[in-house]
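Below are the chains, spelled out letter by letter.
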Amino acid sequence: MELSWQTILDLEKKYGDSFFILDSKKFENNYQDFLQEFRSIYPRTNLGYSYKTNYIPKICQIVKFMGGYAEVVSQMEYDLAIAIGVSPSRIIFNGPLKPKEDIERAILAGSIVNLDCLEEVEIVKALAQKLPNQKIAVGLRCNFDVGVGRISRFGFDVEGGAIDHVFKVFRELNNCSVQGLHCHISTSTRSIESYTLRTQKIIEFSDYYFKDKQPKFIDVGGGFFGRMNYALKQQFDCYIPNYREYAEAIAPLMRSRFPDDSGPELIIEPGVAVVADVLKFVSKVVGLKTVGSRQLALVVGSIHNVKPTLTEKKLSLLVYRNEETSESKNLNGPVDIVGYTCMEHDCLYKDYPGNIGIGDYVVFENIGAYTVVFKPPFIRPNPPIISYDSILNEYDLIRRRETSQDVFSTYVI
Ligand SMILES: Cc1ncc(COP(=O)(O)O)c(C=O)c1O
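Residues numbered from 1 in each chain as written. Predicted model: local features only at pLDDT ≥ 70, side-chain atom pairs only at ≥ 80, totals over all residues. Heavy atoms only, no water.

### Focus: the domain arrangement of the chain
Counted only if it meets this: Just so you know, the domain bounds were taken from an automatic or database domain assignment. What makes two residues a contact is simply this: any of their non-hydrogen atoms within 4.5 Å. Two parts placed together each lose some accessible area under a 1.4 Å probe, and the buried area is that loss summed for both. One speaks of a salt bridge when a side-chain nitrogen belonging to Lys or Arg is within 4 Å of a carboxyl oxygen belonging to Asp or Glu. The definition of a polar contact used here is a pair of N or O atoms within 3.5 Å, where within protein one atom must be able to donate a hydrogen and the other to accept one, and adjacent residues in sequence count solely through side-chain atom pairs. Only DSSP runs of H or I reaching four residues or more are called helices, and only runs of E reaching two or more are called strands; each is numbered from the N terminus. Gly is placed with the polar residues, together with every amino acid not listed as nonpolar (Ala, Val, Leu, Ile, Met, Phe, Trp, Tyr, Cys and Pro) or charged (Asp, Glu, Lys and Arg).
Segmenting the chain into domains produces domain 1 (5-21 + 277-408) and domain 2 (24-273). If you average the C-alpha positions of domain 1 and of domain 2, the two centres end up 35 Å apart. Listed per partner, the contact involves 18 residues of domain 1 and 18 residues of domain 2. A buried area of about 1700 Å², summed over both sides, lies between domain 1 and domain 2, and 58% of it is on carbon and sulfur atoms. There are 0 salt bridges connecting domain 1 and domain 2. Taken together, the connections running from domain 1 to domain 2 amount to 7 residue pairs in polar contact (both at pLDDT 80 or more). Broken down by element, the residue count for the side of domain 1 that touches domain 2 peaks at 3 residues, all from strand β19 (residues 385-389). In the side of domain 1 that touches domain 2, the residues fall into 10 nonpolar, 5 polar and 3 charged.

### What about the environment of E71?
Within the secondary structure, E71 is located in strand β3 (residues 69-72). C-alpha of E71 to C-alpha of C60: the two residues are 11 residues apart in sequence and 10.0 Å apart in space. For E71, the contacting residues outside a window of four places in its chain are G48, Y49, S50, Y51, K52, E77, I92, N94 and E269. Polar contacts involving the side chain of E71 include one to the side chain of N94, which spans 2.7 Å.

### What to know about the site of the ligand
Put simply, the rule reads: What makes a residue near a molecule or strand is one non-hydrogen atom of that residue sitting within 4 Å of it. The Shrake-Rupley method, run with a 1.4 Å probe, gives the accessible areas here. Residue values count only the displayed protein chains as cover.
In the vicinity of the ligand lie 17 residues, with G223, E269, G271, V272 and Y370 positioned nearest. Between the ligand and H184, the relevant distance is 3.4 Å, taken from an oxygen atom to a side-chain nitrogen or oxygen of the residue. In this structure, G271 approaches the ligand through a main-chain N or O atom, which is 2.9 Å from an oxygen atom. In isolation the ligand exposes 400 Å². Once the protein is present, 88% of that is buried. Its residues assigned to classes, the shell around the ligand shows 4 nonpolar, 8 polar and 5 charged.

### Quick word on the packing of aromatic side chains
For clarity, the threshold we go by: Here a pair means two rings of Phe, Tyr or Trp (six-membered ring of Trp) with centres within 6.5 Å. Their orientation is stacked below 30 degrees between planes, edge-to-face above 60, and tilted elsewhere. Categorising residues by exposure relies on relative accessible area from a 1.4 Å probe, with only protein chains included: less than 20% of the type maximum marks a residue as buried, more than 50% marks it as exposed, and the intermediate range marks it as partly exposed. Criterion for a charge above a ring: Lys NZ or Arg CZ within 6 Å of the ring centre, and within 35 degrees of the ring normal.
Considering all chains together, one arrives at 22 aromatic pairs under this definition. Look at F34 and F38: their rings are 5.3 Å apart centre to centre, the planes differ by 75 degrees, and that puts the pair in the edge-to-face class. Here F38 and F34 lie together in helix α2 (residues 24-39), a separation of 4 residues that amounts to about one turn. For F34, a relative accessible area of 0% corresponds to the buried category. Given the relative accessible area of 0%, F38 is considered buried. Judged by centre distance (5.1 Å) and plane angle (80 degrees), the ring pair of F225 and F236 falls under edge-to-face. Of this pair, F225 sits in the loop between β9 (217-219) and α9 (230-233) while F236 is found in the loop between α9 and α10 (243-257), placing the two residues 11 residues apart along the sequence. Positioned above the aromatic ring of Y208 is the side chain of K211, whose terminal nitrogen or guanidinium carbon lies 5.0 Å from the ring centre.

### Describing the side chain of D116
To be explicit about the condition: Neither His nor the chain ends contribute to the count of charged residues, in which Lys and Arg are positive and Asp and Glu negative.
Inspection of the secondary structure assignment puts D116 in the loop between β5 (112-115) and α6 (118-130). In this structure, D116 is buried with no salt-bridge partner, the nearest side chain bearing the opposite charge being R141 at 4.3 Å. A polar side-chain atom of D116 sits 3.1 Å from the main-chain amide nitrogen of G155. With near-sequence residues (within four places) excluded, D116 lies in contact with G95, P96, K98, R141, F154, G155 and F156.

### Quick notes on the pairing of strand β10 (residues 265-268)
Working note: regular strand, side chains alternate between the two faces of the sheet. Heads up, the condition is: Here, strands pair whenever DSSP counts at least two bridges between them.
Where burial is concerned, the two faces of β10 agree: the one with E265 and I267 and the one with L266 and I268 are both buried. The pairing of strand β2 (residues 45-50) with β10 spans 3 bridges and is classified as parallel. Within the sheet, the bridge partner assigned to N46 lies in β10 and is I267. Of the pairings in the sheet, the one linking β9 to β10 comprises 3 bridges and is parallel in character. For D219, the partnering residue across the bridge sits in β10 and is I267.

### Quick notes on the environment of E394
Along the polypeptide, E394 turns up in strand β20 (residues 394-399). The class of E394 is partly exposed, set by a relative accessible area of 45%. Not counting chain neighbours up to four residues away, the residues in contact with E394 comprise S387, Y388 and D389.

### Here's the deal with the state of the cysteines
Test applied: Here, two cysteine sulfur atoms that lie within 2.5 Å of each other are counted as a disulfide.
For the structure shown, the criterion picks out 0 disulfides. Here C117 stays free of any disulfide, with the sulfur of C142 as its closest cysteine sulfur at 14 Å.

### Some words on helix α1 (residues 5-15)
Selection criterion: By construction, the arc corresponds to the directions joining the helix axis to the C-beta atoms.
Inspection of α1 places W5, I8, L9, L11, E12 and Y15 among the buried residues, and these make up the whole buried set. Buried residues of α1, seen end-on, are gathered within an arc of 165 degrees and therefore sit on one face of the element. Seen from the buried face of α1, the exposed residues on the opposite side, beyond 90 degrees, are K13 and K14. Taken together, the buried residues of α1 touch β1 (18-23), β11 (279-291), β13 (317-320), β18 (361-364), β19 and β20. Residue G16 follows α1 closely and has a positive phi angle near 100 degrees.

### Notes on helix α3 (residues 57-65)
Residues spaced three or four apart along an α-helix point in a common direction, a consequence of the helix completing one turn every 3.6 residues. Of all the residues in α3, the buried ones are I59, C60, I62 and V63. The buried side chains of α3 occupy one side of the element, clustering within an arc of 155 degrees when seen end-on. Just beyond α3, the residue with positive phi is G67, at close to 90 degrees.

### Points about the nonpolar core
Selection rule: The term nonpolar core refers to a set of buried residues drawn from Ala, Val, Leu, Ile, Met, Phe, Trp, Tyr and Cys, joined through side-chain atoms within 4.5 Å.
Formed by 107 residues in total, the largest nonpolar core has its most connected members in F34, Y49, Y51, L140, F170, I356 and F364. No other element matches the 7 residues that α10 contributes to this core. Structurally, this core is a two-domain feature, drawing no fewer than three residues from each of domain 1 (5-21 + 277-408) and domain 2 (24-273). Not counting residues up to four positions away in its chain, the partners in contact with F34 are L47, F224, Y243, Y246, I268, P270, A273 and V274. Within the second largest apolar cluster, 15 residues are counted, among which are I8, I21, V282 and I386.

Written out as structure tokens, the structure reads:
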């Protein structure tokens, strides 16, 4: 999408002075490219898109259209998948907190439910006993060491043996089986080696627990880096693998263990890897200030819109200069680009080195992951989201600007 100050001004007239822009074609390309790298090595690979990373319904609809799974971690996300027409059998239900009713509903509807703890096993056991004629199948989230120096809180301890008990419980029930193994292990370096190791280990566990049978699926989770520009890459003190390298870390191990076409389905669950670079945030500069040696430009946005996880990293940004600005309403960098909240840390970009002035538009790129879903209703309602169609070169509103009524609608007033 080719933006200019003039095109953003036109968008402002329609959508207001701050908004997100979704590039849906880019999302489609990411989805296809990532999956294709795996399928070229292990054809029975499928992608479960992590809704929580960014559940804009338009994105979830694309996933459905492309044949992917909806990977959800709450009934709220499950409800969204159903609302946009995803078949329950194309939903993977993960997460550490799944209430009894939600588990029962999802299992009976045919979704893949990956259990996380013994309490969930008890819920499934009770369901199987209540419905002896009903065949019930679940997946198990595995917790094991991939050398990250931290003990994860999720899933069943495999190496410590806790998962043995779970297999035993299900073996003793005639109508209940484990259909697959799942893991998702987040690491700060998201390294190729850690993916190789987790795949080796989960295949080993599968061989041990499924013996002469084989699981229906092996799910290695998400946590992959996405595509990013050089400036952003430079800020990580680790190597940023590309899609091909991730596929080469995982898929050949599946291929050599299951060489024919009847091997288990390999499921990958990316969020960041496919969605991070598909969203931009546009915000207008509305104030300038100099305090001692510090120069500040106030924009119609906040750190919560662009980096709610408060990372120290500098986002990639472009400033579109106001073509009608007067020289006096201008600051020469370094300028801190700050937001509307009353928090001192609300600085969207520290030390912007260029010129910036009233009426300029600041566009933050690569902010598609954990932004829209993470923003608190702090001080201002949510800005709208528009979607850009690169084929028609058109913009469409896909989330309207939130109103005060939206924010306060659940309170008793
Ligand atoms: C079970 C599960 N799958 C997939 C993901 C997606 O991770 P990411 O967005 O880092 O790819 C997460 C994120 O925490 C997760 O918990």
